[in-house]
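If you want the building blocks of each chain, they are given just below.
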Amino acid sequence: MNHLQISTDPTLLGVELPDSLTTSPSVSTFLPEEDASTCLLLPGTPSPPLDFTHPLTPSMGNADNCETGAGDDPAAETSSSGSSGIGMVGGCTTGASNLFNNHSDYQHLRKKSGTEENGMHPTGGVMSITLTKDMPGFVHWNWPLIRKCTFFVFLSGIIAMVGIVVAMIATLPKSCNPAVTWYKGSVFYEVFPASFQDTNDDGLGDIRGLIGRAEYFKGLGVGAVRLNSIFPSKHYPDHFQEVTSLTAVDEVLGKVEDLQKFAAVLHERNISLVLDLPIYPFVNHLNPPTIDVDHLPNRTNDDVPTSEFLRLARSVKGGEENVITSVLRFWLAKGGVDGFYIKGLEHFHDDPLLLENIKEWKYTLGGDRVLMVSKQFIDKLAEPIVGEVLNHVDLVDVLLDMTNGTEVTANVIRSAVDGSLLKHTKHAWIHWSVGSVHERRLSSGLSPNATLAATLTQLMLPGTVNIFYGDEIALEEAHDPTGEHTDTQHLHHLTAMAWSGSQNQFTGRGTLPWLPKSASASFHHLDIVLEMIALRKRSPSIYLNAVIKEEQILPNTDVKSSQNDILVLQRWYPRRNSFACITNFGLKNASLDLTAMFYSGEIVAGTSTIRERVYFEKFNVDSLETVIVRLHK
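The rules behind the values
Residues numbered from 1 in each chain as written. Predicted model: local features only at pLDDT ≥ 70, side-chain atom pairs only at ≥ 80, totals over all residues. Heavy atoms only, no water. Helix = DSSP H or I, 4+ residues; strand = E, 2+ residues; numbered from the N terminus. Expected span 1.5 Å × (residues − 1). Buried < 20%, exposed > 50% of the residue type's maximum accessible area, 1.4 Å probe, protein only. Arc of directions from axis to C-beta. Contact = heavy atoms within 4.5 Å. Phe/Tyr/Trp six-rings, centres within 6.5 Å; stacked < 30°, edge-to-face > 60°. UniProt positions renumbered as here; feature names shortened; annotations may be inferred. Pairing = 2+ DSSP bridges. Axes fitted to C-alpha atoms, helices over the stretch in contact; angles between N-to-C directions.

How would you sum up helix α13 (residues 323-334)? Please name residues and give values.
End to end, α13 covers 17 Å across twelve residues, agreeing with the expected 16 Å (1.5 Å per residue, within 8%). Within α13 the residues assigned to the buried category are Ile324, Thr325, Val327, Leu328, Trp331 and Leu332. All buried residues of α13 project into a common sector of 160° when viewed along the axis, lining one side. Where α13 is buried, its residues contact α11 (256-268), β5 (272-278), β6 (339-343) and α14 (354-365).

Written out as structure tokens, the structure reads:
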């Protein structure tokens, strides 16, 4: 072995080497200046120490350690004496074996002990670093425990974030519809109390009967129950319009306390109570307002209570008491009433105190209660005050008479949607009515299917919809073949409500004192109406009255056709489903080609097969049928 630690033993190489190869290159081959360096390309640099070991070599430890290891392991001795290569110290393989051994000890930090010197373990098998007081404090930390804790904290954070995301997804609303005030876009249910439910077997309905049917109102999915006649009259219910008081309940129906209980029962089911207030002919003229309406804000804000508006106003001393305002305050003090339909205002359309009275009534009610007037009253107003009146009422009742043909019906819809009712964002909403206490029932003039067709068409109109009691089951007028009740013939459309099954009918009496008892109904229509009400409640394309964009009102209703007894409506709202309503008011079935209007869709309501995909090339509509189609875009 020469001084470069290269073995020259021929026996180990297995071949005979010439003398020139066994002689040191520094003696026989290299030039004098090259002999001083082992770096051939850098002759001026000094040679490293002969015991230098390259960091990448597998040798660990010094020659003494190698000798110690070799004495114990013959194989290691043979290897150390026979190994050759640049950068290897002697024939030591202990470090190499430890480096490439899968079970070798890892280098670790150790505290200094008396048996350790120069940072080396006495056995020479593992390198250790001595810990001293001069080292940073984190060196003494329990790093395995820290790593475990960090891992579990990180894993817990991931699990918590996943749980939060899952919880947020689970609690997301099923629909994201624009929010509106409770009376906007909802469905009202109008009831004639004397004909709905009798609880004392006197043949007349009463308020306790209404309380007993609270679950029926909830099942319908209506937002309010509207009572069109509860006040005392000389001969109730024969002459219910001739009221004698606006602050009492007719004894036939019950007491004021019964009405309060009925309101509480409705509120428990998230249903509001609205009263019709027939002021004419009970009130002959309007009184001056009791507050200075000129000092009130322009319109009641939903966030400001009524008391705040009344505080801002100053009382008028010495003036005559305002009768209507006193009536409103009476019922508000009793609690439970959520709105009033002021009837008979058309008789005061030219009264100079009209506008001031309407302002006072609205500010007395506040922003969360509804004030209703009729379209007939709005049409009689002078043009300069129409906008101001619409600014202080909430709903305008529009009677939709569908017995005069589709063209007349279409014109009423167009005039209401495109007219003055929807010119400003703060104006009143439309309140659609098909039946009322003054109109005959469609089912008696045509057939029960006519009532269903008209009700479904009505539920497709923008704004608030009013269903007259019994129309959901196509209740017919009272039938009097013997002529025993000719004196109340004008009330035969207010027939007693019919209930399915034999239990808990309208009354237990065999005869009624004021109406014929018999009246037929189509109870299978109820499921169709319920499905349509549910569709309306979750579809802003139907219940919203317009598209409001940057304080501009854009219509979302279009009468596509109104010819040959066929009425076609389209409803839409941005980024929502569009719907088409096709009604055949004729007495013959029709096959229509509507491809110029629509391409295809899916039937979602009506007497036809639900969820059926339809194309409009040959669209069949039976006589007196309405079909609701969700359009494909």
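That covers the picture; the talk isn't over yet.
Mind laying out the packing of aromatic side chains, listing which residues take part and the relevant values?
One pass over the structure, following the stated rule, counts 23 aromatic pairs. With centroids separated by 6.4 Å and ring planes inclined at 20°, the aromatic side chains of Phe192 and Tyr236 adopt a geometry described as stacked. Highlighted residues: Phe192 in the loop between β3 (187-191) and α9 (207-212) and Tyr236 in the loop between β4 (224-227) and α11, separated in sequence by 44 residues. Residue Phe192 shares its accessibility class with Tyr236, and that shared class is buried. For the ring pair Tyr280 and Phe348, a centre distance of 6.1 Å and an interplane angle of 80° mean the geometry is edge-to-face. Of the two residues, Tyr280 sits in the loop between β5 and α12 (306-312) while Phe348 sits in the loop between β6 and α14, which places them 68 residues apart along the sequence. We classify Tyr280 as partly exposed; its relative accessible area is 37%. Relative accessible area serves as the criterion here: at 3%, Phe348 is assigned to the buried category. Feature note: the residues Tyr189, Phe196, Tyr216, Phe217, Phe262, Phe468, Tyr469 and Trp499 constitute an aromatic cluster, connected by ring pairs.

Before we move on, can you summarise the UniProt feature "transmembrane region" (unreviewed entry) in the protein with the specific residues and values?
Within this structure's numbering, the places UniProt gives as "transmembrane region" (unreviewed entry) are residues 151-172. This span, residues 151-172, is 91% helix and 0% strand, and a straight line between its end C-alpha atoms measures 32 Å.

Go over the pairing of strand β15 (residues 579-584), please, and point to the residues and values.
Judged by how many residues are buried, β15 sits mostly within the fold: six of six residues are covered. Burial of β15 is two-sided: the residues Phe579, Cys581 and Thr583 facing one way and the residues Ala580, Ile582 and Asn584 facing the other way are all buried. Of the pairings in the sheet, the one linking strand β14 (residues 566-571) to β15 comprises six bridges and is antiparallel in character. Counted as the bridge partner of Arg571 is Phe579 from β15. Sheet topology places β15 next to strand β20 (residues 625-631); six bridges connect them, and they run antiparallel.

Describe the sheet that holds β6, listing the residues and the values that go with them.
If you trace the eight strands once around the closed barrel, you get β3-β4-β5-β6-β7-β8-β9-β10, paired in parallel fashion. Looking at each pair of strands side by side, their axes are set apart by 25° on average, direction ignored. By the bridge criterion, three bridges tie strand β7 (residues 370-374) to strand β8 (residues 395-399) in an arrangement that is parallel. Along β8, the bridge assignment pairs Met372 with Leu395. Packing of helix α17 (residues 406-418) onto the sheet brings it into contact with β8 and β9 (429-433), and relative to β9 it is tilted by some 160°.

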